[in-house]
Amino acid sequence: MIKVTLRGGVVKEYDAGVTATDVARDLGAGLFKAACACKIDGAACDLRAPLNGDCTLEILTFDSDEGKHAFRHTASHVLAQAVKRLYPETKLAIGPAIDNGFYYDFDSDVPFTPEVLQKIEDEMKKIVKESLPLERYELDADEAIAKAENEGEIYKAELIREHAGKGEKISFFKQGDFDDLCAGPHLPDTGRVKAFKLTSCTGAYWRGDSNKKMLQRIYGTAFTKKDELDAYLAAVEEAKKRDHNKLGRDLEYFTTSELIGQGLPVILPKGARVIQLLQRFVEDEEQRRGWQLTKTPYMAKSDLYKLSGHWDHYKDGMFVMGDEESGKEVFALRPMTCPFQYQAYLNRSRSYRDLPLRYNETSTLFRNEASGEMHGLIRVRQFTISEGHLMCTPAQLEKEFNDCLELAIFMLKTLGLYEDVSYRFSQWDPNDREKYIGDAEQWNDAQETMGKILDHLGLDYKVGVGEAAFYGPKLDIQIRNVHGKEDTLITIQVDQLLAEKFGMEYVDADGVKKNPYIIHRTSIGCYERTLALLIEKYAGAFPLWLAPEQIRLLPISDRHHDCANDAAAKLEALGFRVTCDERSEKIGYKIREAQLEKIPYMLLVGDKEMEGGSYSVRRRGEGDIGAMIHEDFVAMLLKENAEKVIF
């Protein structure tokens, strides 16, 4: 007999070799039907996995992230089986579960048009009805390679070869006449994948490398119930309406040009105004909190990046000008500001009395992103960021880190984005040492220091192994766009390595020269990405204080133009952003136009308003809110502006 510890510490005894499926069935029909996978002593496994000794067991349902992963990963295998049944010459690449569904990459001569996707989806439904059991088996690496090559699965063979020298067994999952290279876990059978939908097909380079073959990637999603699937698909349609890449263009916040190049958006007047407002707000708030503004060059000699380590660890992501072999100086556009601001610190000798020293900069940066990674304003090759670097003593580190975090939270709350964020403690990967500078002792010390700070602050975070910067661990404030894809918006990093490399020192109270700690931080992140997120958050209907156009005067007829222009001039003199629509159009048309452009306030001016010295006020989303005299209207807007009200 073996002892199995279940949720809540409950211990039950079973015969050795009992499977997680048996335990789930023993715990009740409801749990058995809902079970997707399990954890045995913390490791995710299939429900069919045998329990060969005392263990802790957790049954995973679709309500858990791991359960969703197993469910949707199984759906990706059903997709692959359907494609192979319909188009046997297709070669399989990879098919993981992702946050909101799954995808599979295929090498096929058949274009996966919407009509073909429907045909594949119909075949998937047949496979689900067959309730094929998913059975795991293992092969030696040599056997696995031979199997993949004999079947013409060149991509699978490449993946297996990466493990061939490690002495690992290679696992496969079989379902009926189809099997696939996979580590699992999976559902017990295909019959449980009840509600699914193939959503799109795009191109994707093999291994994300633009030098390799372009494959076809089919995306899909899967749920346990049809009503959940329907609700998700409805949300996706709503998200499309808010997608900044469409809405931002439709509302003329930005555009792109093939002549300029991919990842280099042109910010149009409305978008530029929002970014200007954000930048002024950020710089003023940073100044209020003791940050000192610098302005540094957009480029530098390669010597600077070699000293910082960026040349060795980040060169492929940089725009380099010149050729070192020519004997001439080689320059590169800056991908970050830190080594530049260090020169400001090194401008003169420093004492502990100078610390903490806080430098901020509105920095335009350049990164050579892969073409497949770029998307609207979310990921671009040139962007502007609210970057800062703070030099402090060890005793000051926690307070300064906390202040940086508090500033970031203040910014996010003011913008209405805070409810959408999560935290990631990004650490180094000790198994990939070439990515980082410094030794294991330095990294462990830095991560321990930062971990203590995060825990002391009571921050709820996930750990991201391998996500650290090459010079230190960081706290990433993550945010999801309207489609659910997660990106980093703000980072706060602890750096114990670069001060020494650059010879940055201060004389401590004991007269000894020491290297300061450096905190790298952003307060609002990339302005372009923030603009994109704000467009999606508010569906283009910006709060008054951020709206590029706050008020539009709508004269009812030509004889009201002078009165409307006088009112516009008075409001502009008070700092409001105002236009006057003098077109010879009906007032209803003008109102609809202003509504489509999401103007916060419309002021109608007709005979009544001219005689009474008032405005007929329409508020976005509410319509007519009545007549107001100039002074009352101005007082209302000044209060809304000052409080940065978010509707």
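In this text, all values refer to a predicted model and were calculated from it rather than measured experimentally. (Residues numbered from 1 in each chain as written. Predicted model: local features only at pLDDT ≥ 70, side-chain atom pairs only at ≥ 80, totals over all residues. Heavy atoms only, no water.)

1. What to know about the layout of surface pockets
Going by this rule: Points on a 1 Å grid over protein atoms alone make up a cavity when a 1.4 Å probe fits among them but cannot get out, and a pocket when they form an open set with protein on both sides within 12 Å along at least five of seven lines; lining residues each have an atom within 4 Å of a point. Grid points are joined across faces, edges and corners, and a volume is the space filled by probe spheres set on the points. Strands here are runs of E lasting at least two residues and helices are runs of H or I lasting at least four, both read from the DSSP assignment and numbered beginning at the N terminus. Residues are grouped as follows: nonpolar covers Ala, Val, Leu, Ile, Met, Phe, Trp, Tyr, Cys and Pro; charged covers Asp, Glu, Lys and Arg; every other residue, Gly included, is treated as polar.
Computed from the structure, the second largest pocket encloses a volume of approximately 1,500 Å³. Of all elements in the fold, only α11 (310–314), β23 (382–392), β27 (486–495) and β30 (517–526) reach the threshold of two or more residues within the lining of the second largest pocket. Broken down by class, the residue content of the lining of the second largest pocket amounts to 16 nonpolar, 13 polar and 13 charged.

2. Quick word on unusual backbone geometry
Basically, it comes down to this: Type-normalised accessible area, obtained with a 1.4 Å probe on protein chains alone, sets the label of each residue: buried when under 20%, exposed when over 50%, and partly exposed for intermediate values.
That bond from G184 to P185 is cis: its omega, 0°, falls within 30 degrees of zero. For P185, the location among the structural elements is in the loop between β13 (178–181) and β14 (195–205). Following L355, the chain continues into P356 via a peptide bond in cis, with omega recorded as 0°. Mapped onto the secondary structure, P356 falls in the loop between α12 (338–345) and β22 (357–366). Located in the positive-phi region is D41, a residue other than glycine, with phi close to 50°. Along the chain, the position of D41 falls in the loop between β4 (35–40) and β5 (43–45). A residue is classified by how much of its surface remains accessible, and D41, at 52% relative accessible area, is exposed.

3. Points about empty space enclosed by the protein
Empty space among the atoms can be located by rolling a probe the size of a water molecule over them. If you walk through the whole model with that rule in mind, you get two cavities of 30 Å³ or more. Approximately 50 Å³ is the volume attributed to the largest cavity. Y253, P548, E549, E597 and K598 are, among the 13 residues lining the largest cavity, the residues nearest its centre. For the lining of the largest cavity, the class distribution of residues is seven nonpolar, one polar and five charged.

4. Here's the deal with a nonpolar patch on the surface
Condition: Residues enter patches when their relative accessible area tops 30% and they take part in no salt bridge; the joining distance is 9 Å for like charges and 5 Å for the nonpolar side chains Val, Leu, Ile, Met, Phe, Trp and Tyr. With residues, only the protein chains shown are counted as cover, and all accessible areas are computed by Shrake-Rupley using a 1.4 Å probe. The rule for a salt bridge is simple: a side-chain nitrogen of Lys or Arg has to be within 4 Å of a carboxyl oxygen of Asp or Glu.
On the surface, Y298, M299 and M321 cluster together into a nonpolar patch covering about 270 Å² of accessible area. In this structure, Y298 sits in the loop between β18 (292–293) and β19 (299–301). Given a relative accessible area of 40%, Y298 falls into the partly exposed group.

5. What about the sheet that holds strand β31 (residues 551–555)?
Using the following cut-off: When DSSP finds at least two bridges between two strands, those strands are taken to pair. Where helices are involved, their axes are fitted lines through C-alpha atoms of the stretch in contact, as for all axes, and angles between N-to-C directions lie from 0 to 180°. The contact definition used throughout considers only heavy atoms, calling two residues in contact when any of these lie within 4.5 Å.
Strands sit in the order β32-β31-β33-β34-β35 across an open sheet of five strands; the sheet is mixed. A strand with exactly one partner marks an edge of an open sheet, and here the two such strands are β32 (578–580) and β35 (623–629). In this sheet, neighbouring strand axes are inclined to one another by 25° on average, regardless of whether the strands run parallel or antiparallel. Relative to strand β33 (residues 601–605), β31 runs parallel, the two sharing five bridges. Bridge pairing in β33 links L553 to L603. Together, β31, β33 and β34 (614–619) form the strand contacts of helix α18 (residues 587–596), whose direction differs from that of β31 by roughly 170°. Strands β31, β33, β34 and β35 of the sheet are contacted by helix α20 (residues 630–642), whose axis makes an angle of about 120° with β35.

6. Remarks on the nonpolar core
Stated precisely, the cut-off is as follows: The definition of a nonpolar core used throughout is a set of buried Ala, Val, Leu, Ile, Met, Phe, Trp, Tyr and Cys residues joined through side-chain atoms within 4.5 Å.
Within the largest apolar cluster, 55 residues are counted, with the highest numbers of intra-cluster contacts made by F401, F542 and L546. Sorting elements by how many residues they give to this core places helix α13 (residues 397–415) first, with ten residues. Apart from the residues within four sequence positions on either side, L546 is in contact with V274, L277, L278, L415, L534 and R577.

7. Remarks on the pattern of salt bridges
Going through the model one piece at a time under the given rule, you end up with 53 salt bridges. Between R25 and D22 there is a salt bridge whose closest N-O contact spans 3.5 Å. Highlighted residues: R25 and D22, both in helix α1 (residues 20–26), separated by three residues, approximately one helical turn. For R25, a relative accessible area of 46% translates into the label partly exposed. With relative accessibility at 33%, the residue D22 sits in the partly exposed group. Ionic pairing is found between R559 and D607, a salt bridge with its closest N-O pair at 2.8 Å.

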